[in-house]
Amino acid sequence: MGLEAKLTQDGFITTTIDALAAWARKSSVWPMPMGISCCAIEMMSSADPKYDIARFGSEVMRFTPRQCDLMLVAGTVTYKMSKIVRKIYEQMPDPKWVIAMGACTSTGGMYRSYNVVQGIDQFLPVDIYVAGCPPRPDNLLNALIQIQEKIGKTRARDFQDAPFEEGFKN
Amino acid sequence: MEKLKKEDAHPKILQALLNTEVEMIKDDVLDNEMILNMGPQHPATHGVLRLMLRLDGETVLASVPELGYLHRGYEKMAENMNYLDYIPHTDRLDYLAPPANNVSYILAVEKLAGIEAPPRAQYIRMMMCELARIASHMVAIGSLGLDIGAVTVFLWTLREREKVLDLFDKICGARFTTSYTRIGGVAQDVDDATLSLVRDFINQYEEKLDEIERLLNGNRIFLERLEGIGVISYDDAIDIGLTGPSLRGSGVKYDLRKNAPYLFYPEIDFNIPVFTEGDSLARYFVRVEETRESAKIITQVIDKMPKGEVMLNSPKKVLPKKVEIYSRMEELIHDFMLVNFGMNPPEGQIYSATENPKGELGFYIVSKGEGHPWKMKIRSPSMVNLQSLPGLVKGHMVSDVVAIIGSLDPVMGEADK
Amino acid sequence: MNFSEKVVSKVKEKFPSSVLDVVEFRGETTIKVTPKDIVEVAAFLKTDGELQFNLLVDLTGVDWATRKDRFSVVYHIFSIPNNFRLRIEVPLGAEENIDTVSKVWKTANWHERETYDMYGIKFNNHPDLRRMYMPEEFEYHPLRKDFPLMGIPGSLPLPKK
């Protein structure tokens, strides 16, 4: 059966702690589903039996920011909501990544109006932008693979100089 | 009170919460009362609804819903674009049932312009509306189960919904935001192969719905968490302005498909499921029965669907066919005028409403004879239904709040506009 | 006599001085009423044994920008027993207030809050007149015609990056 079949004798592998940590981190990205509007429904669809986000180790959607390392901002962010999004981002433990799902989150999309933030990168650091209005679930899974690649390349030195967030001071 | 800072909750919201009349204080008020913030980021508030709850122990004394976290300025945008441009925006109102919104909006515009789509287009619209109703109620039932702890139901209902979305993909070219209707018709015709796929879906749907029902209706936890929770009486339901399944759960037989018929609904034979209990369980039952009726309607619609054009031939108001634009001068000019300046309806004001999955979705359009509306008001059922929430949750436990929100099934895209 | 004529004649008979105009367009009836009598008219329409307009479907405002009476408040009411929809329009000056109908139909509460938020029309005796969608600190009323689509820069703050 699987891996065990190959391990009939005692063996060992060599790797760096860095690489091992990055591998573990990227294979179990726990998203914080910041579902705001239409994209949230497609995000739900990506967890359903047809698309099955569990294949990528990310089915553990936790609605508390303290247990997550990926923030999935899905939906139009208004000015009133922006404070809450930022607050939740600050509550997530480092290291953390952000996916801006859909046109509204990336650029404001079709909502050129007084109450919509024209791109969440005005107040959040964004790693991956996903195109579409809303993106199909496949597209979201693609973004997840991209972010796994990005996480897989990280090493301990990348996190050394991470500036402290304001939220941690008080 | 000390933990809540001013930037967390505006003093006016707290004041509104404290001003609410409370008649059911059990013990000494000052010892036990506490204010709890729920949302806008909460798994059970279906989006970005925020509730401020005033609690005595675990009993809700009063609550103040706070909306506007998804206020995207729809009505302002409508005043700044022409009637055709606005169709994709209607998808994102009630984003669980986009085709139903498309149809609702386009019926309003057609009423204003004084035109009517060809019969085949109207039958296709009816089919899309009912498919959307099934898709929307599937999420409503699934997430109600999820809120109460029945996770499997959610996966099963989403599986059914995926099938509907696949059909949308075949019919409209988009699985989610369809933008399918056009002024004077629909974007493209449905071929017979796709219609037979719809029929296949309907044929297996009843059986799957029975499976889902078996999972819930015999589940004691599910029944006891909903029965007698969030009761609203016949008169109160009308007074607070409830529409849709929530109203019919209180015994009011009000469904625009019967009360103010549109499209070809008078020619279809179907029932309006009504339950008289007025509690969360009744609202759930109404939804389940409604999808059954929708399946019935779709079968009849496919049987009765006539052959013919799907776009009206009315050059000043309806977009011409692409082939004609490329080959004929007259059509090219009309297309240019329609796209750049918009259709010019007469001066006047109209209100047109349809029965959406959530309730009565109405569009009130004031026209000054220009290519864009002077004012457009969207009467969104979710927002009005949410208004009943403070009355419904009063006296119940915190955990029941979740069940009640689930049974009202609000969509914040529509409630906040 | 159809139902629409019956409604109009009944309202005219009861309130001869307050009905300004009656408009028919696309089969919909609009009755224009003066602002001071709106609560009485609303109560009559709801409680009259024959009319029974028991459901307030929608309530909103319109900004006419250049007219003498700048705003209108528009009520859509539906009579479930008679299956009939009626529109009441109330012209209102720029600085005028109007009485709330939330005592007549409870659902008017949030509709009026929304109208206040979007147009700045104040409703007298309203139980809880707060903003509906925009933050309380916001100074403007977005659906007024003099408010630009993209808003006023700096009127809504963003959190720091």
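Residues numbered from 1 in each chain as written. Chains lettered and ligands numbered in written order. Predicted model: local features only at pLDDT ≥ 70, side-chain atom pairs only at ≥ 80, totals over all residues. Heavy atoms only, no water.

Colleague: How would you sum up the packing of aromatic side chains? Please name residues and give values.
Modeller: Taken as a whole and assessed by the stated rule, the structure comprises 20 aromatic pairs over all chains. Geometrically, the ring pair formed by Phe15 of chain C and Phe44 of chain C is edge-to-face, given 5.8 Å between the ring centres and 75° between the ring planes. With Phe15 of chain C in the loop between α1 (3-14) and β1 (19-25) and Phe44 of chain C in helix α2 (residues 38-47), this pair connects stretches of sequence that are 29 residues apart. For the pair Phe15 of chain C and Phe44 of chain C, a shared accessibility class is recorded, and that class is buried. A centroid spacing of 6.3 Å and a plane angle of 65° characterise the contact between Phe53 of chain C and Phe84 of chain C, whose relative ring orientation is edge-to-face. Of the two residues, Phe53 of chain C sits in the loop between α2 and β3 (55-63) while Phe84 of chain C sits in strand β5 (residues 84-92), which places them 31 residues apart along the sequence. The class for Phe53 of chain C is buried, based on a relative accessible area of 0%. In this structure an aromatic cluster arises from ring pairing among Tyr111 of chain A together with Tyr74, Tyr86, Tyr105 and Phe363 of chain B. The ring of Tyr69 of chain B has Lys80 of chain A sitting right over it, with the charged end atom 4.9 Å from the ring centre. (Phe/Tyr/Trp six-rings, centres within 6.5 Å; stacked < 30°, edge-to-face > 60°. Helix = DSSP H or I, 4+ residues; strand = E, 2+ residues; numbered from the N terminus. Buried < 20%, exposed > 50% of the residue type's maximum accessible area, 1.4 Å probe, protein only. Lys NZ or Arg CZ within 6 Å of the ring centre and 35° of its normal.)

Colleague: Go over the sheet that holds strand β3 (residues 97-101) of chain A with me, naming the residues and quoting the values.
Modeller: Residues and elements named next belong to chain A. Strand order across the open sheet formed by four strands is β1-β2-β3-β4, with parallel pairing between neighbours. The open sheet has two free edges, formed respectively by β1 (31-35) and β4 (128-130), since each of these has just one partner strand. Within the sheet, the average angular offset between the axes of one strand and its neighbour, ignoring direction, is 20°. Judged from the three bridges that link them, β3 and β4 form a sheet pairing that is parallel. Pairing of Met101 across the sheet is with Val130, part of β4. Set on the sheet, helix α3 (residues 38-46) makes contact with β1, β2 (70-74) and β3; between it and β2 the angle comes to about 125°. (Pairing = 2+ DSSP bridges. Axes fitted to C-alpha atoms, helices over the stretch in contact; angles between N-to-C directions. Contact = heavy atoms within 4.5 Å.)

Colleague: Run through the interface of chain C and chain B, naming residues and quoting values.
Modeller: Tallying the contact residues gives 47 residues for chain C and 49 residues for chain B. Carbon and sulfur atoms make up 57% of the surface buried where chain C meets chain B, a total of about 4200 Å² over both sides. Area buried by chain C at its contact with chain B is led by Arg26, Trp110 and Tyr133 of chain C, which between them contribute 17% of it. Put simply, chain C and chain B have seven salt bridges between them. The residue Lys111 of chain B makes a salt bridge to Glu28 of chain C at a minimum N-O spacing of 2.5 Å. Run the count over chain C and chain B and you get 27 residue pairs in polar contact (both at pLDDT 80 or more). Only β3, β4 (71-79), β5 and α3 (108-119) of chain C provide two or more residues apiece to the side of chain C that touches chain B. At eight residues, β3 of chain C tops the list of elements feeding residues into the side of chain C that touches chain B. Of the residues in the side of chain C that touches chain B, the class split is 23 nonpolar, eight polar and 16 charged. (Buried area = accessible area lost by both parts, 1.4 Å probe. Salt bridge = Lys/Arg side-chain N within 4 Å of Asp/Glu carboxyl O. Polar contact = N/O pair within 3.5 Å; in protein donor to acceptor, adjacent residues only side chain to side chain. Nonpolar A, V, L, I, M, F, W, Y, C, P; charged D, E, K, R; others polar.)

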